[in-house]
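# Inside the fold
Each chain, letter by letter, is given below.
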Amino acid sequence: MQKIGIDQTGQFHYTDSVIAKSRDLRPTPTPSLDGLSQHASRRMGVMSEAEEQDRKTINEFCHLLEKSKQLFNGLRDLPQYGHKQWQAYFGRTFDVYTKLWKFQQQHRQILDVKYGLKRWQIGEIASKIGQLYYHYYLRTSETNYLNEAFSFYAAIRGRGYYSKAVKEEGSLPHRSDLMVKKLRYYARFIVVCLLLKKMKLVRDLVRELAKQIDDYTATYEPEDQLEWSLVLGEIKSFIEADNLVNVVDVDSSSIVLSQRLSPINTPHMEKVSSSHLTLQEILIVGSCCDQAKFSELTLDMFRMLQTLEREPQDDSTQIYDASPAPGRVPFPENGEQRPIKRENPHKYLLYKPTFSQLFVFLASGFRELPANGVLLLYLSADGSFSNIKHPDDIGYDYGGIATNSKKEPDHANKRNVQLKDMHCFYPGDLFPFNRKPLFLILDSDNSHSYEHMPRYFGQPLIVLMSPENVPPNFHDQLHKGNLFTLFLHSPLMAVCFICNITDIPIALWEKGQTQVERFMGEASRVLTRSRNLDPAYLQFYGDDFLRLLMLRFIFCHVVMKLHRLFRGHNVTPRSHPPIPETEVLEHPNLKRAVMDLAATLDVRSLFLDIEEAD
C-alpha cells in the first residue's frame with residue numbers, strides 16, 4: 001500500500017462529473033416534438049446513470065467505512081507481544097484506511113451532498129489513522145511513525161474537523177459522544193507531541209483541552225466529568241514535573257532539547273576486541289507509586305524510552321523543536337512487509353504489570369532475540385523488602401522490586417507460613433533468561449537485591465543499580481522522577497538539577513554539554529584499558545546504546561561521589577559485576593573532568609576537593 005497522505009489544501013474535491021453536469025445547462029436550439037421527446041428520454045437516462053453512479057459511490061464509501069471500523073476494533077484482540085503475530089493484520093488495516101482516505105478525498109462533493117458527510121466524520125477517520133501510526137510506533141519503536149501520527153492529528157486541529165461537531169449534529173442524542181471523541185483526540189495528540197518534544201504545542205493543546213472539558217461538563221453534566229478532570233490534572237502535573245531545567249535563548253525564550261541518540265551525543269568507540277552484540281529487545285517497566293504519570297507512562301519510562309531511541313534519520317541534525325520529518329511507509333502496496341533495517345531496538349512499555357504479564361513479555365522478548373542480540377530490562381519501581389532474618393537464597397530471600405501493588409486473594413493456609421509478594425519481581429525470576437545476553441537497569445530503593453545475580457549459563461550479564469537512598473533535600477522531589485534515571489537520560493540536566501540550577505543560557509548549556517562529552521570520551525578510554533574489568537563490559541561495549549548507558553553510569557557515580565550532598569549509606573549507584581574503583585570510578589582524570597564542569601556551571605563549592613574525596 002502507499003503511505004496514507006493528507007491533501008494539501010484540505011478543501012473539497014470537485015470531480016469531472018460536476019463540470020459535465022454544468023455543461024448540460026447550456027441553452028440549446030428549440031427542438032421538434034419528436035426531438036424533444038427523444039431529448040427528454042436521453043436526459044432521464046443520463047440522470048439515472050448519474051444517480052446510479054452516486055449510489056455506487058456512497059455504497060463503496062459505506063463499505064470501506066464499515067470494513068475499516070471492523071479492522072480497527074480488531075486491533076484490540078491482537079497480542080501486544082511478539083512481532084509476526086500482528087504484522088499482517090496491521091497491513092490489512094492500513095490498506096483499507098488508505099483506500100478510505102483517498103476515496104473520501106476523490107468523492108468529497110458527492111459524499112457531502114448525497115450522503116451528508118460531516119467534517120467531524122472526516123476528522124474521525126483522520127484520528128483513527130493517527131492512532132494506527134501511533135500504535136505502529138509502539139510496536140516497532142521507529143520514531144518516523146510518530147511523525148506520521150503527528151501529521152494527521154495536526155491536520156485535524158488545523159482544519160477544524162471537530163470544531164463544529166455539536167452544531168452539525170444539532171439535538172441528536174449522541175452529540176455528547178462526539179464531545180468525548182474530541183476530548184480523546186486531544187489527549188492522544190498531547191501524548192504524541194510529548195514524545196516528539198513539541199512542548200510549545202503541548203501547552204497550547206492543554207489550554208484547549210481544559211476549555212473543551214469545561215464546555216463538556218457545563219453542557220452535559222456527564223458522569224465522567226471527574227475522570228476528565230483527573231486526566232487534565234495528570235497532564236499538567238506531568239509537564240510541570242518534567243520541566244526540571246529551563247534552557248533559554250538570548251531573548252530568554254525557552255529552548256526544547258531532544259535527548260534521543262544522535263551523531264552529536266553518541267560516545268566515541270575505542271578500538272577494542274569486543275564481540276558484536278547488539279541491543280535488540282527492551283522492556284521498560286514503570287511502577288513508582290508517587291511518580292508523575294500520564295497515559296500509563298511514568299516520567300522515568302518517558303525519559304528512558306527517549307534515551308533508547310535514535311533521532312529520526314531526516315531530523316538527526318535538528319535537536320530543537322522542529323517540524324516532523326517525513327515518515328516511512330509501513331507496508332508496500334502488495335501488503336508484504338518491506339525489509340527495512342531497524343534503526344531502534346524493539347521495546348515494550350509496561351505500566352504496573354502483574355507478574356504474569358511481565359513474565360510473558362520477557363519470554364516473548366527472549367524468544368525474538370536474534371543471534372548476538374541483547375535483551376535489556378529496565379525496572380523503575382518501589383522496592384519490595386524481605387523480612388527474612390537469615391537470608392541464604394540470593395534469588396528470593398533479599399526481596400525484589402514491586403511491579404504491581406495489586407493484592408491477590410489469599411487462599412493459602414496461614415499457619416506459620418510466610419507468603420512472598422506475588423507481584424514482586426525477584427532476582428531469581430530472571431535466572432532462566434540468563435541463557436542469552438542480558439542487560440539490567442534497576443531504579444529502586446531495593447535495587448541492590450540484584451547485585452548477586454549469578455551467570456549460570458556463562459552469557460554476558462551486567463546489572464546497573466541505582467542508589468537505594470537519596471539525600472533528604474530530594475525527598476520531596478520524587479514525583480519528578482528518579483535521579484538515577486535522569487543521569488542515564490540527560491547527564492547535564494541531572495547535574496543542573498542536583499545543583500539547583502533551574503535556568504541556564506543555551507551558550508552555557510552547550511559549553512557544559514561539550515565537557516560532558518569530553519568526560520564520556522575519557523571514561524571510554526579508562527574503561528576499555530582497565531586490566532581488572534569484567535569481560536561482559538567489553539562484550540556489550542560495541543552497541544551504541546549500551547555503551548552510552550555504561551558511560552553515563554560512570555558519570556553518575558563520579559558526580560555523586562564528589563557532590564557534598566551525597567554523603568551517607570547507599571547514596572551512590574552500584575554495578576554487577578563491579579566496575580573497578582581504582583582503575584575507573586576513582587580515576588583522577590574523571591574527577592578533574594567533573595570539577596571542570598562544576599567550575600563552568602559556577603557550582604564548584606557544592607563539590608568536594610579531589611583530596612577530600614580520596
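Before reading further, recall that the structure is shown in the block above.
Nothing here was measured: the structure is a model prediction, and the numbers come from that model. (Residues numbered from 1 in each chain as written. Predicted model: local features only at pLDDT ≥ 70, side-chain atom pairs only at ≥ 80, totals over all residues. Heavy atoms only, no water.)

### Regarding the pattern of salt bridges
Quick note on the threshold: We count a salt bridge whenever a side-chain nitrogen from Lys or Arg sits within 4 Å of a carboxyl oxygen from Asp or Glu. Helical segments are the DSSP runs of H or I of at least four residues, strand segments are the runs of E of at least two, and each set is numbered from the N terminus. Partly exposed residues are those whose accessible area sits between 20% and 50% of the maximum for their type, while under 20% is buried and over 50% is exposed, using a 1.4 Å probe and protein chains only.
On inspection of all chains with the given rule, the structure shows 23 salt bridges. Here Lys-181 and Glu-124 are joined by a salt bridge, their closest N and O atoms 3.9 Å apart. Here the residue Lys-181 occupies a position in helix H8 (residues 175–195), and Glu-124 occupies one in helix H5 (residues 119–140), the gap between them amounting to 57 residues. Judged by relative accessible area, which is 31%, Lys-181 ranks as partly exposed. Linking Glu-270 and Arg-529 is a salt bridge whose minimum nitrogen-to-oxygen distance equals 3.9 Å. Of the two residues, Glu-270 is situated in the loop between strand S1 (246–248) and strand S2 (278–287) and Arg-529 in the loop between helix H15 (506–528) and helix H16 (535–541); the sequence distance between them amounts to 259 residues. A residue is classified by how much of its surface remains accessible, and Glu-270, at 13% relative accessible area, is buried. Overlapping salt bridges, with partners in common, bring together Glu-124, Lys-128 and Lys-181 in one network.

### Some words on H8
For an α-helix, the turn length of 3.6 residues means that residues three or four places apart are oriented alike. Heads up, the rule is: By this rule, a helix spans an expected 1.5 Å times one less than how many residues it contains.
The terminal C-alpha atoms of H8 lie 31 Å apart, and with 21 residues this matches the ideal 30 Å at 1.5 Å per residue to within 8%. Taken across its 21 residues, H8 has 15 buried, putting it largely inside the fold. With its phi angle positive at about 60°, Lys-197 sits one or two positions after the end of H8.

### Regarding the state of the cysteines
Quick note on the threshold: Working definition: a disulfide is two cysteine sulfur atoms within 2.5 Å of each other.
Counted under the stated rule, the structure contains zero disulfides. This cysteine, Cys-289, is not joined by any disulfide, and Cys-288 carries the nearest cysteine sulfur, 7.7 Å off.

### Some details on unusual backbone geometry
Between His-576 and Pro-577 the backbone carries a cis peptide bond, its omega angle lying at -5°. Relative to the helices and strands, Pro-577 is located in the loop between strand S11 (574–576) and helix H18 (581–585). Not every positive phi belongs to a glycine, and Lys-197 is a case in point at roughly 60°. Within the secondary structure, Lys-197 sits in the loop between H8 and helix H9 (199–220).

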